[in-house]
Amino acid sequence: MFDDTRPIFLQLAERIADDILRGVYVEGEQVPSTNELAAYLRINPATAGKALNLLVDREILVKRRGIGMFVTDGAKGLIAAERQQGFVQSFIRPLLAEATALGIDRAELIRLVSTEVTGTEVTSAEIAPAETPRAPAPEPEAGTP
Amino acid sequence: MTIAIETRGLTRVHREVRALDDVTVQIRENTITGLLGRNGAGKTTFMSLATAQDRPTSGSVSVLGESPFENARILEQLCFIRDNQRYPDDYKLRHALRAAAIFYPNWSPELAGELVELFRIPQKTIVKKFSRGQLSALGIVLGLASRAPVTFFDEPYLGLDATARTYFYDVLLRDYQAHPRTILLSTHLIDEMDRLLERVVILDRGRVVQDAEVDELRGMAHQVSGRAAAVDAYLAERRALSRHRVGGLATAVVDGPMPQGGRDAGGELEFSSVSLQELVAAYGFDGADSLGSTSDAAQASQIDRQGARS
């Protein structure tokens with residue numbers, strides 16, 4: 001549930017943001033309280049409180065005095081914008097590095113991605129016209145996990 | 001931030017052993033703080049001194065702003081559950097609960113009743129004949145139901161099964177939230193309990209080696225492993241908390257955050273994160289800076305330290 005690499009309050013804040021992004025909590029909806037999170041996850045209430053306050057600082061949650069914490073309007077957009085910046089680094093580069101290690105060439109990689117996107121087998125002939133020769137795949141960085 | 005327990009240069013010497021050696025700490029009010037370290041590190045001595053069940057050789061301790069020694073007003077606000085808590089010979093469960101109800105002003109019979117059920121503590125057996133786990137369970141009942149403003153648990157989980165420990169953690173968190181109080185607990189089950197804690201004080205050989213928020217400690221050390229020569233080179237400019245070497249391979253727990261990426265530039269070393277339990281184990285490791293694997297080095301360093309003291 002939590003790992004040892006980073007503080008738990010950061011991991012918890014990320015999880016709640018994740019839940020908002022995936023629609024578990026919608027904008028305007030109340031999220032669990034410090035006490036509920038602490039009891040449910042068996043963590044110190046101060047840790048749970050820190051996670052919620054971090055999300056308040058980032059304007060993803062808003063505190064309504066005496067009632068609780070609510071997802072702000074626009075929270076989902078905020079989180080998505082933050083995550084998009086990390087998308088190339090966290091997903092595309094490791095994908096390219098693994099493809100290179102496995103000997104999957106660019107055309108084959110694009111064919112595999114297209115197949116996943118459409119849900120049906122895509123042949124290399126079908127995607128050939130879409131390929132743009134002037135945008136070569138970036139060299140995967142050595143050491144990228 | 002109000003301080004519940006404050007010590008200054010607190011020292012307790014038993015003959016030639018410094019059970020507690022110049023300990024200066026502040027335990028914040030209404031936090032759950034873990035007291036961690038190896039056996040003999042001074043955890044129980046610290047609790048005994050803070051509850052005035054023992055007197056310091058030098059230094060001072062104040063609890064809720066006053067010295068606890070022969071101070072009834074303070075003492076009735078403290079509850080100390082020892083790992084080997086003794087009870088009068090003929091005591092059964094109900095006697096222990098009745099005594100606690102008289103002794104602790106905030107005693108909750110409802111909470112005590114709930115916990116007795118959860119832990120399935122026998123009513124008819126005399127306490128002296130309790131199993132290790134039943135004795136621990138009774139200690140937890142007294143410690144939690146006392147709702148004492150400052151509660152000390154010394155290894156409260158000994159002999160408890162996994163279900164009972166989970167009940168303990170759940171009720172501890174629930175009741176702590178409903179009735180905030182200062183809880184100091186010592187534990188070796190760090191992987192299991194670290195999330196319950198807000199702060200930790202780590203002791204080794206009677207001294208404080210770390211006093212911090214639990215979350216601050218996450219990522220404050222890392223582990224490195226690889227060929228011994230490469231590990232040695234990596235450690236040249238860093239502080240190793242513990243080292244382990246088998247043949248040509250070595251592993252070390254190193255002070256400081258992990259280098260970016262999880263691998264070094266040459267790809268020879270591998271890095272991984274260190275849990276709080278591994279960190280505490282590393283602090284307790286003898287001969288941290290001797291790669292000669294072993295007990296000889298550990299003993300030598302122990303003799304060194306003892307020699308330096310006497």
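The rules behind these values
The residue count restarts for each chain, going from 1 along the sequence in the order it is written. Whichever chain is written first is A, and whichever ligand is written first is 1; the rest continue in order. Only residues with pLDDT of at least 70 get local features here, since the model is predicted, and only at 80 or more are side-chain atom pairs given and counted; chain-wide, interface and lining totals rely on the full set of residues. Joined through C-beta atoms within 7 Å, a set of buried Ala, Val, Leu, Ile, Met, Phe, Trp, Tyr and Cys residues constitutes a nonpolar core. Partly exposed residues are those falling between the two cut-offs: more than 12 but fewer than 20 other C-beta atoms within 10 Å of their own, whereas 20 or more means buried and 12 or fewer means exposed, with C-beta atoms placed from the backbone. A run of H or I in DSSP counts as a helix once it spans at least four residues, and a run of E counts as a strand once it spans at least two, with each numbered from the N terminus. A pair of residues counts as a contact when their C-beta atoms, built from backbone coordinates, are within 7 Å of each other. Between the N-to-C directions of two axes lies an angle of 0 to 180 degrees, each axis being a line fitted to C-alpha atoms and, for a helix, fitted only over the stretch in contact. An angle below 35 degrees is read as roughly parallel, one above 145 as roughly antiparallel, one from 65 to 115 as roughly perpendicular, and any other as oblique. Rotating anticlockwise by less than a right angle from the far helix to the near helix defines a left-handed crossing, while the corresponding clockwise rotation defines a right-handed one. Ten residue types, Ala, Val, Leu, Ile, Met, Phe, Trp, Tyr, Cys and Pro, are classed as nonpolar, four, Asp, Glu, Lys and Arg, as charged, and the remainder, Gly among them, as polar. Where each domain starts and ends comes from a domain assignment, either automatic or drawn from a database. Each pair of strands is called paired provided DSSP finds at least two bridges between the two strands.

To continue, consider the nonpolar core. Residues and elements named next belong to chain B. Residues L138 and V141 are the most contacted members of the largest nonpolar core, which totals 101 residues. In terms of residue count, helix α5 (residues 132–145) provides more of this core than any other element does, eight residues in total. Beyond its immediate sequence surroundings of up to four residues, L138 is in contact with L93, A96, I121, V127 and F130.

Turning next to the packing of helix α4 (residues 109–119) of chain B against helix α6 (residues 162–178) of chain B. Residues and elements named next belong to chain B. Relative orientation of the contacting elements α4 and α6 amounts to 160°, with a least axis distance of 10 Å. As far as their axial angle goes, α6 and α4 are roughly antiparallel. The two elements α4 and α6 cross, and the hand of that crossing is right-handed. Counting all contacts with α4, which are made through L111, L115, L118 and F119, the residues of α6 involved are A164, Y167, V171 and D175. Each residue belonging to the contact of α4 with α6 can be placed in one class, and the counts come to seven nonpolar, no polar and one charged.

Under the domain assignment, chain A is made up of domain 1 (8–73) and domain 2 (88–130). The C-alpha centroid of domain 2 of chain A is placed 37 Å from the C-alpha centroid of domain 1 of chain A.

Quick look at the sheet that holds strand β11 (residues 221–227) of chain B now. Residue and element names in this part refer to chain B. Here four strands make up an open sheet; going across it, the order is β12-β13-β11-β14 and the pairing antiparallel. The open sheet has two edge strands, β12 (240–246) and β14 (270–273), and neither has a second partner. Averaged over all pairs of adjacent strands, the angle between strand axes in this sheet comes to 20°, irrespective of strand direction. Pairing of β11 with strand β13 (residues 249–255) involves seven bridges; the strand directions are antiparallel. Residue pairing across strands places S225 opposite T251, the latter belonging to β13. Contacts between helix α9 (residues 228–235) and the sheet are confined to β11, β12 and β13, with β11 contributing the most and set at about 145° to the helix.

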